[in-house]
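A look at the structure
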Amino acid sequence: MKKLFLIAFMTMTMASCGTYSYSSGVENKCGLSFVAATQTPITVTVDDQNYNVEAVKYKNYKRDRKIKKTAKNVITVTPGKHDVKVVMNGNEVLSKTIFVSGNETKIIEL
């Protein structure tokens, strides 16, 4: 009985020693941000889905400075091609297809 118990105990302890793996990383999401002469509300259509955001004032934007990402001025999209239409003050000011690569925030000047 002792041998059987000892064999069962050794089998369980040896079986519990194993390797495991996990993966982690940064979520692969991209963003679209818009810059205009004044901070103004705009309607953006990305792949037939509408968003109401605010354009960042052009004076505050410089190419070497990052725009603070907020829910008001950045639209989160997946990497790849997207059809983008922008309506500002009732007029369509932009309509084009853009490509966004992984973990990139594309800044579109209006």
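In short, a report on the structure. (Residues numbered from 1 in each chain as written. Predicted model: local features only at pLDDT ≥ 70, side-chain atom pairs only at ≥ 80, totals over all residues. Heavy atoms only, no water.)

**What to know about the overall build of the chain**
A count of helical and extended segments in the chain gives 1 helix and 8 strands. Per-residue burial over the chain gives 26% buried out of 110 residues. Look at the contacts in the chain between residues 6 or more apart in sequence, and 54% of them connect residues 24 or more apart. Roughly 8600 Å² of accessible area belongs to the chain as shown, and the carbon and sulfur atoms make up 54% of that amount. (Helix = DSSP H or I, 4+ residues; strand = E, 2+ residues; numbered from the N terminus. Buried < 20%, exposed > 50% of the residue type's maximum accessible area, 1.4 Å probe, protein only. Contact = heavy atoms within 4.5 Å. Areas by Shrake-Rupley, 256 points an atom, 1.4 Å probe, with all protein chains shown as cover.)

**A closer look at the nonpolar core**
Membership of the largest hydrophobic core comes to 18 residues, with the highest contact counts inside it found for L32, F34, I42, V44, I75 and V84. Counting residues per element, the ones that place at least two in this core are β1 (30-36), β2 (41-46), β5 (74-77), β6 (80-88) and β7 (91-100). Sort the elements by how many residues they give to this core and β1 lands first, with 4 residues. Apart from the residues lying within four places of it in its own chain, the contact partners of V44 are F34, Q49, N50, Y51, V53, I75, V84, K85 and V86. (Core = buried A, V, L, I, M, F, W, Y, C linked by side-chain atoms within 4.5 Å.)

**Structural notes on the environment of Q49**
Among the structural elements, Q49 can be located in strand β3 (residues 49-54). Distance in space between the C-alpha atoms of Q49 and V84 is 9.6 Å, their sequence separation being 35 residues. Of the polar contacts made by the side chain of Q49, one reaches the side chain of Y51; its length is 3.4 Å. (Polar contact = N/O pair within 3.5 Å; in protein donor to acceptor, adjacent residues only side chain to side chain.)

**A few points about the pairing of β7**
Relative to β7, β6 runs antiparallel, the two sharing 9 bridges. Bridging from a neighbouring strand, H82 pairs with I98 of β7. Two successive antiparallel strands, β6 and β7, enclose a turn made up of 2 residues, where N89 displays a positive phi of approximately 55 degrees. (Pairing = 2+ DSSP bridges.)

**Quick word on the sheet that holds β6**
On the basis of which strands lie adjacent, the open sheet formed by 4 strands has the order β3-β2-β6-β7 and antiparallel pairing. Looking along the sheet, the strands with just one partner apiece sit at the ends: β3 and β7. Neighbouring strand axes in the sheet, compared pairwise and without regard to direction, differ in orientation by 25 degrees on average. Where β2 and β3 come together, 6 bridges link them in antiparallel fashion. Counted as the bridge partner of I42 is V53 from β3. (Axes fitted to C-alpha atoms, helices over the stretch in contact; angles between N-to-C directions.)

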